[in-house]
Amino acid sequence: MTRSSPPDAPHNTPQVIFALATGPSRAAIAIMRASGPGSDAILKALCNGRLPEPRRVSLRTLRHNGEVLDHAVALWLPGPNSYTGEDGFELHLHAGPAIIARVADALTDLSARPAEPGEFTRRAVQKGRLDLLQAEAIADLVDAETESQRKQALRQADGALSRLYDDWAQRLRLVLAHQEALIDFPDEELPQDVEDGLIAELSKLQTEMSAHLQDNRGELMRQGLTVVIAGSPNVGKSSLLNTLSGTDAAIVTHRAGTTRDAIALDWVLDGVRLRLIDTAGLRETEDEIEAEGIRRALFHVKQADVVLHLIGPDESLESLSGQEIPIRTKIDIAPAPPGMLGISTQSGEGLAALRQVLSGRVAELMAGSAAPPLTRARHRAGIQEAATHLERARTATWPELRGEELRLSMMALGRLTGRVDVESLLDAIFGQFCIGK
């Protein structure tokens, strides 16, 4: 087949990209998205030479080379007020695989190409429609499995984290402007308290960044909390895992030591994703395989956010760490001591109380300030870098060294959002001091 060019298509502009925006599962409708300069010419070619009105759905018969492709809804989305900031369109097709494939072939024949992963959002960042933090939030929204993940991703997509980092960058920009003035214009009659105020603002920024770094709610919410079920062999760990999850994921027998390796599955409690891990029973053993299972169990206990420490009817309560919740099991055989949480997976007694206690612990771990939390390792590394340069700036003995550390700190913040703007320092300098006399 000879490839044809769309009418009026420019030849020296970025290529139009397209992708299926809906899932591959069987459905009534499939949405094909396209974006890029020249999208109007491609859509006109498919719609028999007529563009739909901007941002209004229109039922059209799609044709290519005289062949009817589908009777579809077409939506013309001219830039810059589009997701990518470019001209683009959507085709709401019947979701038959043959229709989707044929429309994709037609788009390719009209000089468009399939989009790379994330390319629509990448173009939105390049056009200034989103910053990097918002782009990451879009990915988190797509992957959100729980209510808490959805809310957090929406908040970040709306710019909550961007506004926090932009505020820090703006304050740091003013501090740097003051520092540059002290360096470049030492003979000017600048206020005597400029340097004292500069150091005070640095300390305040450091304090805020340190508090932000200590707040791990965002990472916990995005990745999920790890809840480890630990205890001696045959104490009911696997039974509790199966009961909480409503599955038969773990083998349950009367024989001690059935679980040799960690068994993990996801569970949602109060809109928060929990990673439940059943571990090998903790005891002294000469069995090589069981010993390896115990070693792995101890590793998971150390890494856990919460440990459900199960204690059998004939066991004594040992010293516990702060993240451990002691639970007496098999209370259908022997009651729990006064004041101690007890459960029976056979009768169901105590399970509601356990869920309530676990909900409280989850709420404690998720509690924090009203400020938006960081959500990714990239954010943590960037803020840590900015805070480190602030500390070096605060303790620097030479003004020039302090200025350089301030610049590096501001650039670390700028890389988080994708905005690194050193030129705006000039506006800050001339706006704060009447230097141009």
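The shown structure was predicted, so the numbers you read here are calculated from the model rather than taken from an experiment.

1. A word on the overall build of the protein
Now for step 1: Within the protein, the regular secondary structure consists of 14 helices and 11 strands.
Now for step 2: Classification of the 437 residues of the protein by burial places 45% in the buried group.
Now for step 3: Intrachain contacts of the protein at a sequence separation of at least 6 include 60% that bridge at least 24 residues.
Now for step 4: Only carbon and sulfur atoms are counted for the fraction: they give 52% of the accessible area of the protein, which is about 22,700 Å².

2. Quick notes on the packing of helix α9 (residues 237–245) against helix α11 (residues 351–366)
Two packed helices can be described by the angle between their axes and the distance between those axes.
Now for step 1: For the pair α9 and α11, interaxial distance at closest approach is 12 Å and the crossing angle is 80°. When the interaxial angle is binned, α9 and α11 end up roughly perpendicular. For the pair α9 and α11, contact is made by Leu 240, Thr 243 and Leu 244 and by Leu 351, Leu 354 and Arg 355, respectively.
Now for step 2: Looking at the contact of α9 with α11 residue by residue, the classes come out as four nonpolar, one polar and one charged.

3. Brief notes about the UniProt feature "binding site: (6S)-5-formyl-5,6,7,8-tetrahydrofolate" (unreviewed entry) in the protein
Now for step 1: UniProt tags Arg 33, Glu 90, Arg 129 and Lys 437 as "binding site: (6S)-5-formyl-5,6,7,8-tetrahydrofolate" (unreviewed entry). Those annotated residues lining the second largest pocket are, specifically, Arg 33.
Now for step 2: Within the secondary structure layout, Arg 33 lies in strand β2 (residues 29–35).
Now for step 3: Arg 33 has contacts with Ile 17, Phe 18, Ala 19, Ala 21, Tyr 83, Phe 89, Glu 90 and Phe 120, leaving out every residue within four places of it along the chain.
Now for step 4: Classification of Glu 90 as buried rests on a relative accessible area of 19%.
Now for step 5: Beyond its immediate stretch of four places on either side in the chain, Glu 90 contacts Ile 31, Met 32, Arg 33, Val 73, Ala 74, Leu 75 and Leu 77.

4. Describing the nonpolar core
Now for step 1: With 27 residues, the main nonpolar core has Leu 240, Leu 274, Leu 308, Ile 327 and Leu 358 as its most contacted residues.
Now for step 2: Listed by contribution, the elements that provide at least two residues to this core are α8 (217–223), β7 (225–231), α9, β8 (263–269), β9 (272–278), β10 (306–311), β11 (324–328) and α11.
Now for step 3: The element that contributes the greatest number of residues to this core is α11, accounting for five residues.
Now for step 4: If we skip the residues at most four places from it in the chain, Ile 327 touches Leu 308, His 309, Leu 310, Ile 311, Met 340, Leu 341, Ile 343 and Leu 354.

5. Comments concerning the packing of aromatic side chains
Now for step 1: On inspection of all chains with the given rule, the structure shows one aromatic pair.
Now for step 2: Sitting over the ring of Phe 120, Arg 33 keeps its end group 4.5 Å from the ring centre.

6. Observations regarding the environment of His 309
Now for step 1: Relative to the assigned elements, His 309 resides in strand β10.
Now for step 2: When the C-alpha positions of His 309 and Ile 229 are compared, they lie 6.2 Å apart, and in sequence the two are 80 residues distant.

7. Points about the pattern of salt bridges
Now for step 1: Applying the stated criterion to the full structure yields 22 salt bridges.
Now for step 2: Its salt-bridge partner being Glu 67, residue Arg 102 comes within 3.0 Å of it at the nearest N-O pair. Taken together, the residues Arg 102 in helix α2 (residues 97–109) and Glu 67 in strand β4 (residues 67–77) connect sequence positions 35 residues apart.
Now for step 3: Among the residues examined, Glu 67 registers a relative accessible area of 34% and is labelled partly exposed.
Now for step 4: With its nearest N and O atoms 2.2 Å apart, the salt bridge here joins Glu 180 to Arg 407. In this pair, Glu 180 sits in helix α6 (residues 160–184) while Arg 407 sits in helix α13 (residues 399–417), placing the two residues 227 residues apart along the sequence.
Now for step 5: One connected set of salt bridges, linked through shared partners, spans Glu 86, Arg 113, Glu 119 and Arg 123.

8. A closer look at the sheet that holds β8
Now for step 1: Here five strands make up an open sheet; going across it, the order is β8-β9-β7-β10-β11 and the pairing mixed. Each edge of the open sheet is held by one strand with a lone partner, namely β8 and β11. The sheet shows a mean angle of 25° between the axes of neighbouring strands, direction not considered.
Now for step 2: The pairing of β7 with β10 spans five bridges and is parallel. Along β10, the bridge assignment pairs Ala 230 with His 309.

9. Quick look at unusual backbone geometry
Now for step 1: The linkage connecting Gly 79 with the following residue, Pro 80, adopts the cis geometry, with an omega of 5°.
Now for step 2: Residue Arg 55 is not a glycine yet carries a positive backbone phi of 60°.
Now for step 3: Checked against the element boundaries, Arg 55 lands in the loop between α1 (39–46) and β3 (58–64).
Now for step 4: For Arg 55, a relative accessible area of 39% gives the class partly exposed.
Now for step 5: One non-glycine residue, Lys 330, lies in the positive phi region at around 55°.
Now for step 6: With a relative accessible area of 28%, Lys 330 lands in the partly exposed category.

10. With respect to the pairing of β10
Now for step 1: Of all six residues in β10, six are buried; the element is thus mostly enclosed.
Now for step 2: Side chains Val 306, Leu 308 and Leu 310 of β10 all project onto a buried face; the interleaved residues Val 307, His 309 and Ile 311 project onto the opposite face, where all are buried too.
Now for step 3: Note that β10 and β11 share five bridges and pair parallel. In the sheet register, Ile 311 faces β11, and the bridge partner there is Arg 328.

11. Quick word on the sheet that holds β2
Now for step 1: With mixed pairing, the six strands of this open sheet are ordered in space as β3-β4-β5-β2-β1-β6. Because the sheet does not close on itself, it has two edges, and the strands there are β3 and β6 (113–114).
Now for step 2: Note: strand β1 (residues 17–20) against β2, four bridges, orientation antiparallel. Within β2, the residue paired with Phe 18 across the bridge is Ala 34.
Now for step 3: Sheet strands in contact with α1 are β2, β3, β4 and β5 (88–94), and its direction is about 30° off that of β5.

Reading guide: rules and limits
- Residues numbered from 1 in each chain as written.
- Predicted model: local features only at pLDDT ≥ 70, side-chain atom pairs only at ≥ 80, totals over all residues.
- Heavy atoms only, no water.
- Helix = DSSP H or I, 4+ residues; strand = E, 2+ residues; numbered from the N terminus.
- Buried < 20%, exposed > 50% of the residue type's maximum accessible area, 1.4 Å probe, protein only.
- Contact = heavy atoms within 4.5 Å.
- Areas by Shrake-Rupley, 256 points an atom, 1.4 Å probe, with all protein chains shown as cover.
- Axes fitted to C-alpha atoms, helices over the stretch in contact; angles between N-to-C directions.
- Parallel < 35°, antiparallel > 145°, perpendicular 65-115°, else oblique.
- Nonpolar A, V, L, I, M, F, W, Y, C, P; charged D, E, K, R; others polar.
- UniProt positions renumbered as here; feature names shortened; annotations may be inferred.
- 1 Å grid on protein atoms, 1.4 Å probe; cavity = no way out; pocket = protein on both sides within 12 Å on 5 of 7 lines; lining within 4 Å.
- Core = buried A, V, L, I, M, F, W, Y, C linked by side-chain atoms within 4.5 Å.
- Phe/Tyr/Trp six-rings, centres within 6.5 Å; stacked < 30°, edge-to-face > 60°.
- Lys NZ or Arg CZ within 6 Å of the ring centre and 35° of its normal.
- Salt bridge = Lys/Arg side-chain N within 4 Å of Asp/Glu carboxyl O.
- Pairing = 2+ DSSP bridges.

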